[in-house]
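Structural description and commentary
Now for the letters of each chain:
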Amino acid sequence: MSNILALIEVSSNGDLRDSTSSLLAAAARIGSPVAVVVTRPGAGSALVERLGNLGAAQVVLAESDQAGTLLVTPQVDALAAAVSTLAPGAILTVNSVEGRDVAARLGVRIGAGLVIDAVNLRSEGLTIVATHSVFGGAYTVESTVQGRPLIVTVREGAIEGPADAAVPVVTTVSLTSDARNSAVIDEVIDLVVTSTRPGLRGATRVVSGGRGLGSPEKFALVDQLADALGAAVGASRAAVDAGFVGQTCQVGQTGVTVSPQLYVALGISGAIQHRAGMQTAKTIVAINKDADAPIFDIADFGIVGDVFTVVPQLIAAIESRGKK
Amino acid sequence: MKIVVLVKQVPDTYGERTLDPATGWIDRAGSDAVIDEIDERALEVALSYKDSHKGTEVVVLSMGSKAVTVGLRKGLAMGADSAVHVLDAALEGADVGWTAAAIAAALTSTGFDLVIAGNESTDGGGGVVPAMVAERLGLAHMTFLESVDISADQVAGERTTGQGTLRVHASLPAVISITENLPEARFPNFRGIMSAKKKPFRVASLGDLGIDPAVAFAGVGRSVVLQATKRPARTAGTKIVDEGNAGVKLADFLVAGHLI
Ligand SMILES: Cc1cc2nc3c(=O)[nH]c(=O)nc-3n(C[C@H](O)[C@H](O)[C@H](O)COP(=O)(O)OP(=O)(O)OC[C@H]3O[C@@H](n4cnc5c(N)ncnc54)[C@H](O)[C@@H]3O)c2cc1C
C-alpha cells in the first residue's frame, strides 16, 4: 500500500484540530496514513498516541523554531521533505485556509497536480479518484490528476473517522525554512469561544436567520430556537452584512456549505447564493412572511408567517414535549 | 507603487450555472459572465489606496476567453490605469496549475509591487491560484485577508482561519488575496467609462509571455474530470399559511420526521 501523507493541523495552543480524524480516515481509504505534524521542538511527541488512535501508521514530527511565526512555509517545507523520503502516492491537506495555501505552494514546488475540496476518495488500481460536490451540491463530479503524486484538499468533516487505530512508527526531523519568501505571523488572536453550541461545519441541525430578523437584538430568536433544537447557528449574507451576527456564521456561496439532517431558515428569502450553501440538507424548513419567497421552492415544510409569532410557539411546543 | 489586481470572469451567480456533461468544465456559454464580485472588491482595495496615494498605478489582469474584455473594461472604468488580458487557445480548460503559470508569467512581464486577488472564485472556488502564483514567483503570500494595510514597503492584515484570527505581514513585493469582509466596489461613473476607452489594453498570448505550453506545462500534473452528474432538483413539500397554530404544526412535523 502506498504512503499517503496527511498534513495535520495543530491549533495555536498545540492541540490537534478537529479535522484530524476525518483527514486520517481519508488517507486510510487510499493507502497507509502518514501524519505529518509541524510543531516547535519537543511539542510534537505528546500528539503521537492520539494520532495513532486516529489511524496514523507513521508519524513524521517536523520540528521548527519557526512554527507559529512563519505563515505556512514550515508546513510546505515539511511536506516537501517528506515527499522526497517517503515517495507517497498522494498528499492530503484539509480544505481549510492553511491547508489550501500549503497544497498550492507544494503543488508548484514538486510539480504535482491539485485536486481541491474532495468530499470522498477511492483508489481504482493506481488511480486515485476524488469526488466533489459542485455549485452547492447541484453536481457531483469525479476527478483525478495525471501523474503522481497528487495533492488533495479534503473538505472538513466530509469523510467520517476514525480509521482503525495503529501504533505509529515515529520519525523526528528538524527543519529550518528560508524566511525571505514567507509572510510573518505577528500575533494570534484566538477566537473567543463563548458558546457551547455545535459548530456550523458538520452540524446535524442548523437554524439560520436572515435580514427578516431585523436587528442584532432580535436575532436572539435564532439562538433560542437553535438551543431548543441543539442546533448550530447560521445566517444569510444580508444578516452578516447588517451586523446581526459574525461572518463565520454565513451559509452559502461565499460562506460555509452545510449538509445537515435539518435546516431551518428564518426570515431568509432563499436567494440562489444562499441555497448554494444548504440545498443538500436532508430536511429543509422555512418560515417567511412572503408566500412567494423562493426558499419555499426547496422547503419540505414551509410556513407563510411571521417568525416572531411562529418561532416562540414552536419553542414552547418543543419544550413542553421535552417535559412529557 | 504598482498594484496588479487579478480578476476572473465567472458565470453570474444569480443565474443557473451548468457544467458540460462531456468535459465537466463550466458551461460558460450557458450563463451570463461577470467579473467575480470578490475581484471587484480586490480592485476596490487597490483603488482606495490609489485615492490616498498619488502616483499609484493599478493594473487589472485576467486570463480567460474573449469575453473577459468586458470585465477588464469595467475595471478600467472603475479607475484602473491599464489592463492585461492573457488570451490563448492553448489555455482552454486550463486547470489551476496552468492558470497560475500563465498569470505568473504575465506578472513578470508587467512588473508589480503588490498583487491582489479575491480569496476564492464563485465558480471554481479553489482559492489556491494566488498562493501558487506566489510560489512560482518566489514571493510571500497572504491569502484570505479580512483587512489590508498597505504601506511603502510592506502589506499587513488579519486573516481568520477556522480556529482563530492571525495578524500577519509580508515585505513587498508580495501576493495577497482578500475576503468579502472588505468593502464592496465603487460603481464606474460616466467620466470613468469615457476615459476607459483611451487606457492601455494589452492582449498577450502565451508566446508573447515567453511561454511555450509544451515546455512550461510539461510535467505539471493536470487535473481531469472523469464524470459529472447533476443532482435531481429539490421539490417543494408542504406549505401552510400560519393561522395561529403553525408553530405547533411544525413541531408535529419535526416529531413525525424524528427530527426532535
Ligand atoms: C457573489 C455573491 C455571493 C453571495 N454569497 C452569499 C452567501 O454566501 N450567503 C447568502 O446568504 N447570500 C449570499 N449572497 C447574497 C444573496 O444574493 C442575498 O442578497 C442574500 O442571501 C439575502 O439574504 P436574506 O434572505 O436574509 O435577505 P432578503 O433577501 O432581504 O430576505 C429577507 C426575507 O425575510 C422575510 N421577512 C422579513 N421579516 C420577516 C418576519 N418578521 N417574519 C418572516 N419573514 C420575514 C422577507 O419576506 C424576505 O423574504 C451573495 C451574493 C453575491 C452577488
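Calculation criteria
- Residues numbered from 1 in each chain as written.
- Chains lettered and ligands numbered in written order.
- Predicted model: local features only at pLDDT ≥ 70, side-chain atom pairs only at ≥ 80, totals over all residues.
- Heavy atoms only, no water.
- UniProt positions renumbered as here; feature names shortened; annotations may be inferred.
- Helix = DSSP H or I, 4+ residues; strand = E, 2+ residues; numbered from the N terminus.
- Buried < 20%, exposed > 50% of the residue type's maximum accessible area, 1.4 Å probe, protein only.
- Contact = heavy atoms within 4.5 Å.
- Expected span 1.5 Å × (residues − 1).
- Patch = residues over 30% accessible without salt bridge, like charges linked within 9 Å, V, L, I, M, F, W, Y side chains within 5 Å.
- Areas by Shrake-Rupley, 256 points an atom, 1.4 Å probe, with all protein chains shown as cover.
- Salt bridge = Lys/Arg side-chain N within 4 Å of Asp/Glu carboxyl O.

- Under the annotation held in an unreviewed UniProt entry, chain B carries the name Electron transfer flavoprotein subunit beta and is attributed to Cryobacterium frigoriphilum.
- As recorded by UniProt, the Sequence similarities (unreviewed entry) comment attached to chain B reads in full: "Belongs to the ETF beta-subunit/FixA family."
- Listed in UniProt under the heading Function (unreviewed entry), the comment for chain B reads: "The electron transfer flavoprotein serves as a specific electron acceptor for other dehydrogenases. It transfers the electrons to the main respiratory chain via ETF-ubiquinone oxidoreductase (ETF dehydrogenase)."

- By the naming in an unreviewed UniProt entry, chain A is Electron transfer flavoprotein subunit alpha/FixB family protein, taken from Cryobacterium frigoriphilum.
- The record in UniProt for chain A states the following under Function (unreviewed entry): "The electron transfer flavoprotein serves as a specific electron acceptor for other dehydrogenases. It transfers the electrons to the main respiratory chain via ETF-ubiquinone oxidoreductase (ETF dehydrogenase)."
- Under Subunit (unreviewed entry), UniProt gives the following word-for-word description of chain A: "Heterodimer of an alpha and a beta subunit."

**Some remarks on the environment of Val58(B)**
Residues and elements named next belong to chain B.
- Mapped onto the elements, Val58 comes out in strand β4 (residues 57-63).
- A relative accessible area of 0% places Val58 in the buried class.
- A C-alpha to C-alpha distance of 4.9 Å links Val58 and Ile3, two positions 55 residues apart in sequence.
- Discounting chain neighbours no more than four positions away, the residues touching Val58 are Ile3, Val5, Leu43, Ala46, Leu47, Lys50, Ala80, Asp81 and Ser82.

**Topic: helix α3 (residues 96-110) of chain B**
All names here are of chain B.
- Taking 1.5 Å as the rise per residue, α3 with 15 residues should run 21 Å; its terminal C-alpha atoms sit 21 Å apart, in good agreement.
- The buried count for α3 comes to 12 of 15 residues, which makes it a mostly enclosed element.
- All buried positions along α3 are accounted for by Gly97, Trp98, Thr99, Ala100, Ala101, Ala102, Ile103, Ala104, Ala105, Ala106, Leu107 and Thr110.
- If you follow the buried residues of α3, they end up packed against β1 (2-6), β4, β5 (82-86), β6 (114-118) and α4 (129-137).
- With its phi angle positive at about 75°, Gly111 sits one or two positions after the end of α3.

**Examining a nonpolar patch on the surface**
Residue and element names in this part refer to chain B.
- A cluster of nonpolar side chains, Phe190, Ile193 and Met194, forms an exposed patch at the surface whose accessible area comes to about 310 Å².
- Structurally, Ile193 is set in helix α5 (residues 190-196).
- Assessed through its relative accessible area of 39%, Ile193 is described here as partly exposed.

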